[in-house]
Structures are given as structure tokens and as C-alpha cells.
Amino acid sequence: MKIEITNHPKTIEERYGFSWMEHVLAIPSPLVNVTTYKSNGLPNASMQSWCTFVGEDGYHVIFGSVNKNSHMYQSIKEKKCCVVNIPSKDVFLKCIDTIKNNGFDNDEIALSGLTSIKANRVDAPMIEECMVNLECEFAWEHDLIENGCRAVLCLKVVNIWMEEKLFDEKEGRYGENGYLYNIHSPRNPLTGEISDTYVGSINKMATYDEL
Ligand SMILES: Cc1cc2nc3c(=O)[nH]c(=O)nc-3n(C[C@H](O)[C@H](O)[C@H](O)COP(=O)(O)O)c2cc1C
């Protein structure tokens, strides 16, 4: 039976931080870490998950909800570029550690046990241990809601670094060594029951013809 959910369910606390719809739907989104140089020249690293990848006249990364008070937002505005680093599961927790090391005077990459190397086409660091690095130039931004504290940012990809083993379709981009997804605390709107946040991977199910 399909259930219509129009209003904030009573089982979910008001003012929860995120929209209740986020947890009722719990749609997975890609896990990436965005690196930049701060205005003091030190590497910044920022976990991001509300993002997607689209192509027209090139290829673009759309970050759907960037906190305007973050170092990432400030440094992309200043430098007009960044690197989008895509971790595999073996390096994921180190990427998460960048949140603990989020001081302005920190080299957030080194303090998290990761290696920073200079990108080739943009003025930003890359995380060497990540299986994919996308060098990006800033294209545009828009407030998510008018005068809100979150921005939608569009970055154009100008250079790709990718682990060769990912090209193999059997072992490559999918499965547990491939791209990672954020499954953000799914909730049952009827009971309020809340699940942990999980890291997910993609399993190929069938071709369109096989379904
Ligand atoms: C899994 C995960 C996903 C996240 N996604 C986002 C996001 O999409 N947008 C955002 O503004 N913050 C997001 N954050 C929070 C930032 O990573 C965090 O606030 C970070 O410290 C910001 O770093 P910065 O100030 O160096 O940019 C996420 C955190 C985690 C753990």
C-alpha cells in the first residue's frame, strides 16, 4: 500500500536539522571529498555528499547544498577552482577525519593521514590516495533558497585522474571497491524508528533488456 506523506510526521522531531523528507526518502548520494587551498595557502578538505554529475558542453559537478560558512565555499570563491576526490572504502575514514581537522590553520589533508599533491590544471591540492581526482573550475553558484545559508555550486571538470583498475568492468567502478554512497539515517515515518547512517556501494542488477 502506498502512503501519502504531506506533513512532517509526528514520529519525527521538529527542528531536526535536516528536512524530515531527507530521512524518510534516504536517497543515496555519492561520497566525495573536495580539496582547495585556503587563503593562507594551506590545503583544505571537505566531505560532500549532496552532489551529482552532469554533462552538457563538457562535464560538470553540481554540489546541491554547500554551507556558505565553510572553508570549501570561501576558498572556491577565492580561487575559482577545486579538486573533487573520490575515495574507495579503504581510504574513506581518513577522508572523514578531515572534518575533525577542520581548523583554518590546519593542513587538513596531512593531519588526516593523507597525501596532498598539486593538481596539474588548477590551483588546488589533490588527495593522492583517492581512486579518482577531478580537477574543476568554478562555473556558477545560486542560493539553494533565497538568502539561505546554503549554495548550489557548479564546477566544470577540466582534468581527470583515475586508477587504471577501475576501467575493468568486473572489478571496477561498482561493487564494494568502487564508488561509495551516503545512506543518511533512513527513518520509518510511521514508527519514527531511525537507522544508522551507512556507506553503500552499487551492484549492477541487469541490463535494460534483461529486466
Ligand atoms: C558524509 C558527509 C557528507 C557531507 N556532505 C556535505 C554537503 O553536501 N554539504 C556541506 O556543506 N557539508 C557536508 N558535510 C559536512 C562537511 O564535510 C563539514 O562541515 C566539513 O567540516 C566542512 O569543511 P570545510 O569547512 O573545510 O569546508 C558532510 C559531512 C559528511 C560526514
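Residues numbered from 1 in each chain as written. Predicted model: local features only at pLDDT ≥ 70, side-chain atom pairs only at ≥ 80, totals over all residues.

*Asks:* Account for the sheet that holds strand β1 (residues 29–30), naming residues and giving values.
*Replies:* Taken in spatial order, the three strands of this open sheet run β1-β11-β12, and their pairing is antiparallel. Of all strands in the sheet, those bounded by a partner on one side alone are β1 and β12 (198–200). Here β1 runs beside strand β11 (residues 181–183); their pairing, made up of two bridges, is antiparallel. What sits directly across from P30, in β11, is Y181. (Pairing = 2+ DSSP bridges. Helix = DSSP H or I, 4+ residues; strand = E, 2+ residues; numbered from the N terminus.)

*Asks:* Describe the site of the ligand, listing the residues and the values that go with them.
*Replies:* Close contacts around the ligand come from 17 residues, with S46, M47, S70, H71 and M72 the closest. Broken down by element, the shell around the ligand gets its largest block of residues, four residues, from strand β3 (residues 43–48). By residue class, the composition of the shell around the ligand is seven nonpolar, ten polar and no charged. (Near = placed C-beta within 6 Å. Nonpolar A, V, L, I, M, F, W, Y, C, P; charged D, E, K, R; others polar.)

*Asks:* I'd like a description of helix α2 (residues 71–79), backed by residues and values.
*Replies:* Those residues of α2 not exposed but buried are H71, M72, Y73, S75 and I76. Of the surrounding secondary structure, the elements contacted by the buried residues of α2 are β2 (32–37), β3, β5 (59–67), β6 (81–86), β9 (132–143) and β10 (150–162). Just downstream of α2, K80 is the residue with a positive phi angle, here 60°. (Buried ≥ 20, exposed ≤ 12 C-beta atoms within 10 Å, placed from the backbone. Contact = placed C-beta atoms within 7 Å.)

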